[in-house]
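Descriptive analysis of the structure
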Amino acid sequence: MHELSIVKDIFDTLQEHYHAKVEDIQQVQVTAGLLSNVQPVLIQNAFDAFITDHPYYQEMELEVRVNDIIAHCDRCHKDFPVRYHKFVCDDCGTPSAHIVQGNELFISKVIFKQKNH
C-alpha cells in the first residue's frame, strides 16, 4: 500500500519544515493529480492509522484535493481536459501527451490552530 508511505512522507515533510510547530497544525491539504494513482479514501485511512500511533497529531485533519488531467496541444497551443484517458485535443483533434496537470502530488496548504491570547 503506497498510501502509507505517502502519509509517512507527508509527516516527515511537516516535521522537517515545521518541527517546532508541528503539534499546532490543524489541517494539512494535499493535492493529487488523477495520474498519481492516489485514492483519497486510502490516503485518509493511512492518515488515520498513522495518527493513532502518534498522539500529538490526534487533532490534525487531512483534506485531499484531486486535480483532473489537463494536457497541452502543440498544434493549436491550448490546454484541454483529458477525458477517459484520451489525450486528444477537443478543438483540433490532435493527439498530445504533453501533460500540464494531473500527475502531481504535493502538500498544498498547512493550516495552524488559532492561539488564544
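Let me sum up the structure you'll find in this document. (Residues numbered from 1 in each chain as written. Predicted model: local features only at pLDDT ≥ 70, side-chain atom pairs only at ≥ 80, totals over all residues. Heavy atoms only, no water.)

Attention shifts here to the sheet that holds strand β6 (residues 105-112). Pairing within the open sheet is mixed, and its 3 strands lie in the order β2-β1-β6. Sheet topology places β2 (61-67) and β6 at the edges, where each strand pairs with a single neighbour. The mean angle between the axes of side-by-side strands here comes to 20°, regardless of whether they run parallel or antiparallel. Here strand β1 (residues 25-33) runs beside β6; their pairing, made up of 7 bridges, is antiparallel. Its bridge partner being in β6, V28 is matched across the sheet by V110. Sheet strands in contact with helix α1 (residues 2-18) are β1 and β6, and its direction is about 50° off that of β6. (Pairing = 2+ DSSP bridges. Helix = DSSP H or I, 4+ residues; strand = E, 2+ residues; numbered from the N terminus. Axes fitted to C-alpha atoms, helices over the stretch in contact; angles between N-to-C directions. Contact = heavy atoms within 4.5 Å.)

All right, on to the pattern of salt bridges then. Enumeration according to the criterion identifies 5 salt bridges in this entry. Between K8 and D12 there is a salt bridge, with the nearest N and O atoms lying 2.9 Å from each other. Of the two residues, K8 and D12 both sit in helix α1, 4 residues apart, roughly one turn of that helix. Using a relative accessible area of 37% as the deciding quantity, one classes D12 as partly exposed. Its salt-bridge partner being E59, residue K113 comes within 3.7 Å of it at the nearest N-O pair. Of this pair, K113 sits in the segment after β6 while E59 is found in the loop between α2 (40-52) and β2, placing the two residues 54 residues apart along the sequence. Judged by relative accessible area, which is 60%, E59 ranks as exposed. (Salt bridge = Lys/Arg side-chain N within 4 Å of Asp/Glu carboxyl O. Buried < 20%, exposed > 50% of the residue type's maximum accessible area, 1.4 Å probe, protein only.)

Turning our eyes to something else, we now look at the sheet that holds strand β4 (residues 79-81). Reading across the sheet, the 3 strands line up as β4-β3-β5 and stay open at both edges, with antiparallel pairing between neighbours. In this open sheet, the two strands that pair with only one neighbour each are β4 and β5 (98-101). Direction aside, neighbouring strands of the sheet carry axes that sit 40° apart on average.

Keep in mind these values describe shape, not function.
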